Every structure is written in structure tokens, then in C-alpha cells.
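Spelled out, the chains give:
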Amino acid sequence: MIATLIKKVLRIGPRGAVPKLKHYPAETHGLHPESISACAMRVVKTLQGGGFKAYIVGGAVRDLLAGREPKDFDVATDATPEQVRRLIRRSRIIGRRFQIVHAICHDEVVEVTTFRGENREDANQQTDEHGRLTRDNVFGSMEEDAARRDFTVNALYYDPVRNEVLDYFNGVADLRARRLTMIGDPAQRYREDPVRMLRAVRFSAKLGFEMDASTRAPIHNMADLLLNVPESRLFDEILKLLLSGHAHACVGRLRAEGLHHDLLPLLDLILDQPQGERFIRQSLENTDRRILEDKPVSPGFLFATLLWHPVLDDWKRRMAAGEKSMPALFSAMGETLEAQRKKLAIPRRYDAVMKEIWGLQPRFEQRSGQRPFRLLEHPRFRAAYDFMLLRADSGELPEEIADWWTDFQQVPPEEREAMLVEEERPKRSRRRRR
Ligand code: ATP
Ligand code: MG
């Protein structure tokens, strides 16, 4: 009671930070309402029209202010999920632990979140019989909502109707200084959610920002906390990192922060493959390039590259021991996937794609008869071909084979027959000539 009063008098926010709300009017922030998607704009206008507060928040505001195209738009409001649901016709409530509303336009979904407060002892929390939180819909004020976000640049609120940015924690200043700063006490925030350490690395690499010294300092000593994070959440976060368009930079920074050994098996795999290092580096750079060019990237393809060298080693070992090529490759694939399963937590749903990409690799070395034509028709040809190019780039396969396949696709179909490789052709040509 007294503590609350003191806080009120001193205006000390949750976590002890002292939020000073700054308003940035139109001429000072450089954002334009047109850069907001039509769907997000409609959601904001509908909620404001219903008498509620509504702002674009989080990554979209950060990315726009940093001159980047946002991935998607999130809206924060003081309306409860039920109130949002009632105001926005095509919308549905999702989530159990913390309910959010998906507002649906024809090709876009905007996530609408009610301002969240701190989890206090008196909070409206429910757990199931195992103690797992099933509901902690702790709504809060806008100020509390800002305070529970991770970095200052992620806690900016943009009102596209008034065209102003609201900033409680100096996020605009940090953005201009290209600095990533944790809100509140960084060590405490990492303890609450160790995944924030990975987010710190991802955002600093993606935005090209330096971490503020106090945000960076605790990471080294707190890295072990990642061991307590459920595997599936870690997997999701590493996937975000690998698909951020800055995977190569992220991996370098994770190494610099001491955030990989024994904590993130997927990364140990990336960083500890002396033979495959060049291959993986090229694969990550290739992934980054594709994402920046807005081309699709499949996680299955990426995992296939990460696991290729273990597969290759086992394949070669089996062939040296006298096994036939294809059966040896299939055994090596199965064994590698099984061996990595427990450690890496790559979900089984990616197995089929990885196996297809790997299983097609020997077929690129067969360039006679009907086989190249059949390979070209294979539904997974494109991915397998891209994979083969990476192998050639890293010196594992002769460049000449890669170039041949590139030409083979590009020449007019009637010229393909003439490209079939001479020394592999005689058997068939002789038969035809007779
Ligand atoms: P992007 O979507 O580009 O990866 P983002 O900042 O939008 O970046 P999201 O994971 O979509 O990241 O989260 C949206 C917002 O929710 C963040 O900007 C941040 O304010 C808040 N947030 C997300 N995860 C956390 C977390 N672990 N701790 C605190 N706040 C978080
Ligand atoms: Mg986002």
C-alpha cells in the first residue's frame, strides 16, 4: 500500500525504471501513415472509433523508424480481447495463456494485444493441475505494457491517425544512436526469460546495432540459463535467427557472446564442423541473400545443409567398408537423423524434405541417357540443384558438374540430348546406331 503510494508519488514504474513519456509529433519522427498496412490501419481506426486506445507497436515501429520494411504489424490496445472481438468483424481470439486477437483481412493477419501488466501475486492467474499457467490475462496500463517489453526500441507506440510516436524509455534516442538497450535491470530480465539473450543477439545483428554495455555485460555469465528453456522454444528462436536475413552475422555474434557451446546444439553443429565450415558459411550467406531478395527459404533445406557433412562422412565411411553407394547413403541419412534427434530437436516434419534433397545428390553425377531428364522433372529438383550448387561452391563437387546442370536447364529442350556427357553416352548411342 505504502509502496504503491511512494511509487505513485515518485512515478517509478514497474521494475524500478522511471518512464518519462515523450511524444514525437509528425515532423520529428519521419514515419508516414501510408507505410502502415491497410489492415493495420483499419484495425487502429476501428478500435479508436470504439473509444479505445490503439497503436502500432513493437517490431513494425522499430523497423519503419530504422528505414526497413516491417515483417508484420502488431497492434496494442486498452480494449479487452472480447471488446476487440466485438468491434472487428473478421477476428478471432487465440491463445490460452495470454489471449490475443487475430484481425483478418483477405491476405493479412494483424495481431491485436491488450496492454499487459506485470504478473503480480494478486494477479488473475490460473494454473492447471501440473502448475502450468493456463491463463494469466493480466491487463495493465499502457505504461506497464511498455515496461514489460524487452528492448527500448521495441517499446515504441505509433498512432497512425495522429501520426505521433509515444516513447516511454528513450527508444527513439536509442534507435538514432543505433543502440540496443534492455528495459529495466538486464540481469533480472534475462532471468525472467533467458530467450531475451538470443533476441538481443538477433536484433543487434539484424539492425546493425551495438548492445548497450549494461545489456551486454550479464549475457556471458547468464548463458547457462538457456538450459532451462524448453527445447521447442529454443528451436523456434534459433530458427528465427537463421531466417532473420542476417544468419551469418547472428552466428558470429552468438559465438562472440559465448552463447553456443552445449547450450544450443544446433549452433554447435554449425560452429564445430571444421570440414563443413565453408559449406555452412556459404549456406548461411546464401540464405541471407535469398531472404533479402524476398525469395522463399525453406527450413528443411537449411537443416539439410547443416547436417550434410555428418551424412557425407558416414556415407563415405560406409562405402569405404564396401557398401553400395545408394544403400550406404540412405543408411547414413537415417543414422545421422537419429543421432541428432535428441540433441537438436529438429522436428520430424522436416525429415522428408532433407532426405529427398540428400537422396537426389548422387544423381547429379549421372549425365547420360534418360536420367538427367528424369531428375529435371523431379518435384524436388530445384532444391536439390540449389543444394548441389552449394556443394560445388565449397569445393566438394567439381564446378564443371554444377555448370553443366545450370546449362542443361537453360538451353532449349531440343539441345539437351546433345549435352549428354560423351564418356557416359557410348553404351546407349551404340545401341541406337545399330
Ligand atoms: P520481429 O517480428 O521482427 O522478429 P518483433 O520485435 O516484432 O520482431 P516479436 O517476437 O514479434 O518481435 O514480438 C513483438 C513485441 O513483443 C516485441 O517488439 C517486444 O516488444 C515484445 N516481446 C516479444 N518477445 C518478448 C520477450 N521475450 N520479452 C519481452 N518482450 C517481448
Ligand atoms: Mg513481430
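Residues numbered from 1 in each chain as written. Chains lettered and ligands numbered in written order. Predicted model: local features only at pLDDT ≥ 70, side-chain atom pairs only at ≥ 80, totals over all residues. Heavy atoms only, no water.

Enquirer: I would appreciate a short explanation of the site of ligand 1 in the present structure.
Expert: Taken together, 17 residues surround ligand 1, and among them Arg-62, Asp-193, Arg-196, Arg-199 and Arg-202 come closest. Between Arg-62 and ligand 1, the recorded distance is 2.8 Å, taken from a side-chain N or O atom to an oxygen atom. One nitrogen or oxygen atom from the side chain of Arg-199 is found 3.0 Å from an oxygen atom belonging to ligand 1. Contact with the protein chains removes 83% of the 580 Å² of surface that ligand 1 exposes when unbound. For the shell around ligand 1, the secondary-structure elements that each account for two or more residues are helix H4 (59-65), helix H9 (195-207) and helix H12 (231-242). Along the lines of polarity and charge, the residues of the shell around ligand 1 split into one nonpolar, three polar and 13 charged. (Near = heavy atom within 4 Å. Polar contact = N/O pair within 3.5 Å; in protein donor to acceptor, adjacent residues only side chain to side chain. Areas by Shrake-Rupley, 256 points an atom, 1.4 Å probe, with all protein chains shown as cover. Helix = DSSP H or I, 4+ residues; strand = E, 2+ residues; numbered from the N terminus. Nonpolar A, V, L, I, M, F, W, Y, C, P; charged D, E, K, R; others polar.)

Enquirer: Looking at this structure, how should I read the pairing of strand S2 (residues 54-57)?
Expert: Consecutive residues of a regular strand have side chains that alternate between opposite faces of the sheet. Every second residue of S2 is oriented toward a common face, with Ala-54 and Ile-56 on one face and Tyr-55 and Val-57 on the other, all of them buried. Across four bridges, S2 lies against strand S3 (residues 74-77) in antiparallel orientation. Bridge pairing links Ile-56 to Val-75 in S3. Note: S2 against strand S9 (residues 156-159), two bridges, orientation antiparallel. Across the sheet, residue Ile-56 finds its bridge partner in S9, namely Tyr-158. (Buried < 20%, exposed > 50% of the residue type's maximum accessible area, 1.4 Å probe, protein only. Pairing = 2+ DSSP bridges.)

Enquirer: Even after reading the chapter, I still don't get the packing of aromatic side chains, so can you show me in this structure?
Expert: Describing an aromatic ring pair means giving the distance of the ring centres and the angle of the ring planes. One pass over the full model with this rule turns up 19 aromatic pairs. Taking 5.9 Å as the distance between ring centres and 40 degrees as the angle between the ring planes, the aromatic pair formed by Phe-364 and Phe-381 counts as tilted. Taken as a pair, Phe-364 in the loop between helix H18 (351-360) and helix H19 (371-377) and Phe-381 in helix H20 (residues 381-393) lie far apart in primary sequence, 17 residues in all. Of the residues examined, Phe-381 reaches a relative accessible area of 5% and is grouped as buried. (Phe/Tyr/Trp six-rings, centres within 6.5 Å; stacked < 30°, edge-to-face > 60°.)

Enquirer: For this particular structure, what's the right way to read the side chain of Ser-283?
Expert: Tracing the sequence through the fold places Ser-283 in helix H15 (residues 277-292). If near-sequence neighbours (up to four positions away) are discounted, Ser-283 is found in contact with Leu-302, Thr-305 and Leu-390. (Contact = heavy atoms within 4.5 Å.)

Enquirer: Would you explain the sheet that holds strand S4 (residues 91-94) in this entry?
Expert: Strands pair in a sheet through their backbones, by hydrogen bonds, and they do so in one of two ways: parallel or antiparallel. Here we have eight strands laid out as an open sheet, ordered S1-S10-S9-S2-S3-S6-S5-S4, and mixed in their pairing. At either end of the open sheet lies a strand with only one pairing partner, and these are strand S1 (22-24) and S4. Mean inter-strand twist for the sheet, computed between neighbouring axes without regard to direction, equals 30 degrees. (Axes fitted to C-alpha atoms, helices over the stretch in contact; angles between N-to-C directions.)

Enquirer: Hey, could you run me through the packing of helix H16 (residues 299-320) against H18 in this one?
Expert: Packed helices, taken two at a time, are described by the angle between their axes plus the distance between the axes. Their axes nearest at 9 Å, the elements H16 and H18 cross at an angle of 55 degrees. Considering the angle they form, H16 stands oblique to H18. The hand of the H16/H18 crossing is right-handed. On H18, the residues touching Gly-300, Phe-301, Phe-303, Ala-304, Leu-307, Trp-308 and Val-311 of H16 are Val-353, Met-354, Ile-357 and Trp-358. Grouping the constituent residues of the contact of H16 with H18 by class yields 10 nonpolar, one polar and no charged. (Parallel < 35°, antiparallel > 145°, perpendicular 65-115°, else oblique. Left-handed = near helix turned anticlockwise from the far one by under 90°.)

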